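# Secondary and tertiary structure notes
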Amino acid sequence: MPEPSGQQLKRRPSTSTACPPTTAHGCQQAPLICGDSSPDTARSTWPPGATAGTYLVAEIQIPSPLQPRPAMTDEDCTYEIWNYILEHMEPDGADVSHYYETAAIQPPITPESLAELDMSRIINNPKLRHDVNFDRELHFRPNLDGSKGKQKMKSADHYWQALEGEFFMYEFALQHKQLTTDSRDLAYWDGVIRNTKRRLPAVFEAIRDILTTLVPDHEQKRILTRLDVDLIMQEITNGVCDLIDLSDWLAKVVKKHCAPMRDQLVDAMQSDIQQGALEGDPGKLVNGLRQLLNILEAMRLDVANHQIRHMRPLLVDDTVNFQRRYNAHRIYLRKIDVRRCQRWLNDELDHLTTRAVELSKPAPTRVDALTSALVRDVLFNEASPCPPSFYVDHDRLRGVRSDIRNSISHELCREVLADFAPTTVLTADLLKAQEALQCTVSAIVGMSGRFTERTDNIAVEIVRFLLMLEGRYPPFDGTLLGIVEQKLEQVLQPISQAFDKLARDTCDRLLPKLKTSVDQHIRLSALDLQDVMVPAAFVSLPPPPFGFGAVCAAPPVPVKPYDPDEDIVRRLTHVICLHWDVWAELVYLAPLEEESTSFATLTPSPTSSASPSPMMPIAQPVYAPGKKWLPVGVTVTEVPGGMPTPDSTPEPMSAASRKESESGEPSSSEQESLDAQQQ
């Protein structure tokens, strides 16, 4: 999530010194400037003809107590703060001063950044509502993966370092303010303190607002009273804020409402804040506040994940109804290219019909055409794999393609081993070597399946197994290694003839199994479909000890022969059946639209969810009386336009700023928002 940048002003040399403009303050700091309090040592470093007094006055430019000082603007105070941090904060004053200037003003965790976890957002997130059909353990987590995740963590580190500088300046300014009675100096330090308040108020506001979403209604008034941000900041700027008492109160409130497993984190947070307050250590104070916000984020995630688990049957059961209405509105807005979807299916139907006539077979159905077209696109059409109606399934289908290609690549490695194996090797020994090779290759390529990037390592393993089969290992055969590596580089390319042949064999093997599975499950409801395709994890309990009576045991499950295609068939069946239920009447069974037809001119049926509609479906949770956490149902109403969104929502999670292409596929920013850090 890109952080909003802080106020950035062009640096300029400070017009004041590191000490306040009074003689008393200058005398206190004078020995530090000289580096030694000894007069003899100090004189030896001065220019010829200079005296101690004239050198000190000339170096730090201390004005006379009666000399008038020009009024400081807020911008001038900001420059002064940068220079104070740079010159006096140890040991990272330069870095902290830079981040104080450039880091974000808002903390990394805010109510707005957690807005996607609100129940209203969850049940109106079409991607999440679709994904919950395929994953019983679907949950939110902080999205810190990839380059964007690293950038988020880097921005957060910069923010908290900038806050260290702010805490340092509160203490620094208060100490010097207490040492003066001059009205001009008091006004000067008051201006410094006032301009220091850049990030800390927002931190306390975020803590207060997130905490109010985690406590019952009857406790919210106490939270708002205790976390009065204006009062807390007034106490801090006057040096009378009891952070120890505040941390004790926060720890009690958080422990009361969080899971016991987080008590240790709460204790660490409390300890850091208290040590930081007692020792005057800005780093520990900031670390405590950072831990507190992380704990509140984890608590908010716990609530959202518990709500998803509780709502899963309701969301799954309402999948087809909600998605039909939602996509009917998208079609009306021209976000889905219906003609492209219809052409895609009709072209495959014409192809299958022609072949059926040639082979004297029954005419294919539209479901058969949908199944065949999807499998061929997944296997052979990487440039434009599926029509826009599959926009919520792109990641799933990409995973299926990756798994099928990994299977093909493993088979090619086995074939290369068999091609170079001596003819005298027994078939059983060759099969054992191929199985061992597959395990080794899986470890080499990892979960990502980078076969083409690991051909050298794979070739080494194949040669090792070949030499072991021949009984002459060690030593290693470098000549054979070069030949095997060259062979692998040829066959593992998806455009190679060997790869294409295995891909077509895989397609011919999968299609009959997939069509049979789709025909068996096409009439199931979304909830029944999930029960069959995504079975719940079953934990077998140990048998009870003897002497406790008879036990009703479940009948033994019949053992089925292993089918390597079973997992792929099951996953594609689930996608196809659910897709057909949602899109059949909207697109595939609808009349073929002419090029000149505009969906905006259509007159939709006010009660039908299978035709383009100007009404936007809005899902709303239904709670039992007196309850606000776990809904007992979901209702879908239709309103003109779109779903109202909060006033401010961060870009990666914003539902209002989503941009969709005319092809109907979500833009990159929308895809991030729809993913919602799911895993």
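Residues numbered from 1 in each chain as written. Predicted model: local features only at pLDDT ≥ 70, side-chain atom pairs only at ≥ 80, totals over all residues. Heavy atoms only, no water.

We apply this condition: UniProt positions are given in the numbering used here, feature names are shortened, and annotations may be inferred rather than shown by experiment.
The name given to the chain in an unreviewed UniProt entry is Protein SOSEKI 1, with the source organism recorded as Friedmanniomyces endolithicus. UniProt lists a comment for the chain under the heading Sequence similarities (unreviewed entry), and it reads "Belongs to the TCP11 family."

## Here we look at the overall build of the chain
Our working definition: Note on conventions: DSSP H or I runs of at least 4 residues are helices, E runs of at least 2 residues are strands, and numbering of each starts at the N terminus. Relative accessibility thresholds used throughout: buried, under 20% of the residue-type maximum; exposed, over 50%; partly exposed, between the two (1.4 Å probe, protein chains only). Calculation of accessible area relied on Shrake-Rupley with a 1.4 Å probe; when residues are assessed, cover is drawn exclusively from the protein chains displayed.
Along the backbone of the chain there are 26 helices and two strands. Counting the 679 residues in the chain, one finds 44% classified as buried. Counting every atom, the chain has about 35,000 Å² of accessible surface; 55% of that belongs to carbon and sulfur.

## Focus on the pattern of salt bridges
Applicable threshold: Salt bridges are counted wherever a side-chain nitrogen of Lys or Arg sits within 4 Å of a carboxyl oxygen of Asp or Glu.
All told, the structure shown has 35 salt bridges when counted by the stated rule. The shortest N-O distance in the salt bridge between D145 and R141 comes to 2.4 Å. By relative accessible area, D145 is classed as partly exposed at 45%. Where R571 meets D567, a salt bridge forms, and the shortest distance between an N and an O atom there is 2.9 Å. Taken as a pair, R571 and D567 lie in helix α25 (residues 566–588) at a separation of four residues, close to a single helical turn. Classification of R571 by relative accessible area gives partly exposed; the value is 22%. The class of D567 is partly exposed, set by a relative accessible area of 35%. Through salt bridges that share partners, K127, D131, D393 and R396 make up one connected network.

## Side note on the packing of aromatic side chains
Here is the rule: For Phe, Tyr and Trp, where Trp contributes only its six-membered ring, two rings pair if their centres lie within 6.5 Å, and the inter-plane angle classes them as stacked under 30 degrees, edge-to-face over 60, or tilted in between. Lysine NZ or arginine CZ positioned within 6 Å of the ring centre and within 35 degrees of the ring normal marks a charge as sitting over the ring.
Enumeration according to the criterion identifies eleven aromatic pairs in this entry. Aromatic side chains Y84 and W189 sit 5.6 Å apart centroid to centroid with 25° between the ring planes, which places their arrangement in the stacked category. Taken together, the positions of Y84 in helix α4 (residues 74–88) and W189 in helix α9 (residues 183–196) put the pair 105 residues apart, joining distant regions of the chain. Y84 sits in the buried class, given a relative accessible area of 2%. The exposure class assigned to W189 is buried, which follows from its relative accessible area of 0%. Cluster of aromatic residues (ring-pair linked, three or more members): Y84, F168, F172, Y188 and W189. Lying over the aromatic face of Y391, R330 brings its terminal NZ or CZ to 4.3 Å of the ring centre. Across from the ring centre of F380, 4.7 Å away, lies the NZ or CZ of R504, which sits over that ring.

## With respect to the side chain of S372
Defined as follows: Pairs of N or O atoms within 3.5 Å make up the polar contacts considered here, provided that, within protein, one atom can donate a hydrogen while the other can accept it, and that residues adjacent in sequence are counted only when both atoms are side-chain atoms. Only heavy atoms matter for contacts: two residues are in contact if any of them lie within 4.5 Å across the pair.
With respect to the helices and strands, the residue S372 is situated in helix α18 (residues 366–380). A distance of 2.6 Å separates the side chain of S372 from the side chain of E348, its partner in a polar contact. Each residue touching S372, except ones within four places of it in the same chain, is listed here: E348, L352 and L511.

## Let's talk about α4
The following threshold applies: What a helix should span is 1.5 Å times the count of its residues minus one.
With 15 residues, α4 extends 21 Å between its outermost C-alpha atoms, agreeing within 8% with the 21 Å of an ideal straight helix rising 1.5 Å per residue. Taken as a whole, α4 has its buried residues at D76, C77, T78, Y79, E80, I81, W82, N83, Y84 and I85. Against the buried residues of α4 lie α5 (93–102), α8 (146–177) and α9.

## Describing a nonpolar patch on the surface
This is how it is decided: The patches reported here contain residues having more than 30% relative accessible area and no salt bridge. Joining distances are 9 Å for like charges and 5 Å for nonpolar side chains (Val, Leu, Ile, Met, Phe, Trp, Tyr).
A cluster of nonpolar side chains, namely V460, M468, Y473 and F476, defines an oily patch on the protein surface of about 340 Å² accessible area. By the element assignment, Y473 lies in the loop between α21 (455–470) and α22 (478–491). Of the residues examined, Y473 reaches a relative accessible area of 37% and is grouped as partly exposed.

## A closer look at the packing of α18 against helix α23 (residues 497–521)
Worth spelling out the cut-off: Here the axes come from fitting lines to C-alpha atoms, over the contacting stretch only for helices, and the angles between their N-to-C directions go from 0 to 180 degrees. Orientation is classified from the angle alone, with under 35 degrees giving roughly parallel, over 145 giving roughly antiparallel, 65 to 115 giving roughly perpendicular, and any other angle giving oblique. Two helices that cross are described as forming a left-handed crossing if the nearer one is turned anticlockwise from the farther one by less than a right angle, and a right-handed crossing if clockwise. When residue character is reported, Ala, Val, Leu, Ile, Met, Phe, Trp, Tyr, Cys and Pro are called nonpolar, Asp, Glu, Lys and Arg charged, and the others, Gly included, polar.
Orientation of α18 relative to α23, taken along the N-to-C sense of each, is 150°, at an axis distance of 10 Å. One way to sum up the angle between α18 and α23 is to call them roughly antiparallel. Judged by the sense of rotation from one axis to the other, the crossing of α18 with α23 is right-handed. Facing α18, whose interface residues are V367, D368, T371, S372, V375, R376, L379 and F380, α23 presents D500, A503, R504, C507, L511, L514, K515, V518 and D519. Among the residues making up the contact of α18 with α23, the classes are represented as nine nonpolar, two polar and six charged.

## A few points about the environment of D500
Residue position: D500 is located in helix α23. Given a relative accessible area of 27%, D500 falls into the partly exposed group. Not counting the four nearest positions on each side in its chain, D500 is found in contact with F380 and P494.

## Here's the deal with the nonpolar core
Across soluble globular proteins, you tend to see nonpolar side chains buried next to one another. For the record, the criterion: Residue types Ala, Val, Leu, Ile, Met, Phe, Trp, Tyr and Cys, when buried and joined through side-chain atoms within 4.5 Å, form a set referred to as a nonpolar core.
Within the largest apolar cluster, 143 residues are counted, with the highest numbers of intra-cluster contacts made by I207, L296 and Y588. In terms of nonpolar packing, the next biggest core, distinct from the first, is built from 17 residues, I85, V96, Y100 and I193 among them.

## Here's the deal with unusual backbone geometry
That bond from E90 to P91 is cis: its omega, 0°, falls within 30 degrees of zero. Tracing the backbone shows P91 in the loop between α4 and α5. Residues other than glycine seldom take positive phi values, yet R334 does so here, at roughly 65°. Structurally, the position occupied by R334 is in the loop between α16 (319–332) and α17 (338–358).

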